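Overview (structure and organization)
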Amino acid sequence: MISLRRATLDDVDWLLELLNDEDTEPFLGGGAPRDAETLRAQLERSQSEPEKSGRMIVDVDGERAGTMAFETVSEPNRIARIGGLAVHPGYRRRGIADEAARRFQRYLLIELGFHRLELACYGFNDRAIRHSERVGFVREGVKRQAYQRHGEWQDAVLFSLLREDLEP
Ligand SMILES: CC(C)(COP(=O)(O)OP(=O)(O)OC[C@H]1O[C@@H](n2cnc3c(N)ncnc32)[C@H](O)[C@@H]1OP(=O)(O)O)[C@@H](O)C(=O)NCCC(=O)NCCS
């Protein structure tokens, strides 16, 4: 039983552990929150202006299993960027990310009324690229050597999903 909810300050310690986990942190963007202060600021924004940004918790049978986030990148064009996706290592390979991502897409495109979702994965992140394709994101291209990560230039694989791409 998977459910999606806004993270609260009670989730900070759990989130910090997950986001800094050795099988999670290397795959997240260089600017993703990793410390309590940045994370608390993100959660406060998520609570005070829930239609503009959000840090979510994926619960499985009432236990925290994963997280994902969004930010508005263009209000006039109703574009949101999804990021900060991670499933706790103990909950991986069960389809939790896929199910949660599909719910998140519908929440953003239907309930919050975004028109377009954007997502970027490092070129080396095969798991995340396969996951993004499985849940319907359309690959738009590669931003070549766009980010310094792990001491090297990394490609970013760009995906999007439009309201009209959702199955009825
Ligand atoms: C990317 C990530 C979120 C995927 O989480 P996940 O919950 O394991 O994803 P899923 O279970 O939906 O799918 C993962 C694999 O399990 C398989 N799977 C799905 N359901 C399954 C099931 N019931 N039983 C066994 N395997 C299953 C999928 O086919 C998939 O296989 P693949 O990796 O060979 O393609 C997770 O690996 C993670 O947190 N990685 C680190 C952070 C990260 O990369 N974030 C993305 C940044 S862009």
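If you're wondering where the values come from, they're calculated on a predicted model, not measured in any experiment. (Residues numbered from 1 in each chain as written. Predicted model: local features only at pLDDT ≥ 70, side-chain atom pairs only at ≥ 80, totals over all residues. Heavy atoms only, no water.)

1. Concerning the pairing of strand β3 (residues 63-74)
- The pairing of strand β2 (residues 53-60) with β3 spans 8 bridges and is antiparallel. Each bridged residue has a counterpart across the sheet, and for S53 the counterpart in β3 is E71.
- Pairing analysis gives 7 bridges linking β3 to strand β4 (residues 79-87), with the strands arranged antiparallel. Across the sheet, residue T67 finds its bridge partner in β4, namely A86.
- A loop of 4 residues connects β3 with β4, the two strands running antiparallel in sequence, and R78 in this loop sits at a positive phi of about 50 degrees. (Pairing = 2+ DSSP bridges. Helix = DSSP H or I, 4+ residues; strand = E, 2+ residues; numbered from the N terminus.)

2. A short note on the site of the ligand
- In the vicinity of the ligand lie 20 residues, with L85, G95, D98, N125 and R130 positioned nearest.
- Within the backbone of V87, a nitrogen or oxygen atom sits 2.9 Å from an oxygen atom of the ligand.
- Taking R93, its main chain carries an N or O atom lying 2.9 Å from an oxygen atom of the ligand.
- Secondary-structure elements contributing two or more residues to the shell around the ligand are β4, α3 (96-111), β5 (116-122) and α4 (126-134).
- Ranked by residues supplied to the shell around the ligand, first place goes to α4 with 4 residues.
- Counted by class, the shell around the ligand contains 9 nonpolar, 3 polar and 8 charged residues. (Near = heavy atom within 4 Å. Polar contact = N/O pair within 3.5 Å; in protein donor to acceptor, adjacent residues only side chain to side chain. Nonpolar A, V, L, I, M, F, W, Y, C, P; charged D, E, K, R; others polar.)

3. A few points about the packing of aromatic side chains
- Tallied over the full model, the rule gives 5 aromatic pairs.
- Aromatic pair F70 and F104: ring centres 6.1 Å apart, planes at 65 degrees, arrangement edge-to-face. Taken as a pair, F70 in strand β3 and F104 in helix α3 lie far apart in primary sequence, 34 residues in all.
- With a centroid separation of 6.4 Å and 85 degrees between ring planes, the pair formed by Y122 and Y147 is classed as edge-to-face. Taken together, the positions of Y122 in strand β5 and Y147 in strand β6 (residues 138-149) put the pair 25 residues apart, joining distant regions of the chain.
- For Y122, a relative accessible area of 8% corresponds to the buried category.
- Cluster of aromatic residues (ring-pair linked, three or more members): F27, Y122, F124 and Y147. (Phe/Tyr/Trp six-rings, centres within 6.5 Å; stacked < 30°, edge-to-face > 60°. Buried < 20%, exposed > 50% of the residue type's maximum accessible area, 1.4 Å probe, protein only.)

4. So, the sheet that holds β2
- The strand order across the open sheet formed by 7 strands is β1-β2-β3-β4-β5-β7-β6, and the pairing between neighbours is mixed. Only two strands of the sheet have a single neighbouring strand rather than two, namely β1 (2-6) and β6. Here the strands of the sheet are splayed against their neighbours by 30 degrees on average, with no regard to which way each runs.
- Of the strands in this sheet, β1, β2, β3, β4, β5 and β7 (152-162) touch α3, which is tilted by about 50 degrees from β1. (Axes fitted to C-alpha atoms, helices over the stretch in contact; angles between N-to-C directions. Contact = heavy atoms within 4.5 Å.)

5. Section: the pairing of β5
- The buried fraction of β5 is high, at 5 of 7 residues.
- In this structure, β4 lies alongside β5, joined through 3 bridges in parallel fashion. Residue pairing across strands places R81 opposite E118, the latter belonging to β5.
- Viewed along the sheet, the connection from β4 through α3 into β5 turns out right-handed.
- Where β5 and β7 come together, 7 bridges link them in antiparallel fashion. Bridge pairing in β7 links C121 to V157. (Right-handed = clockwise from strand over helix to strand, strands pointing away.)

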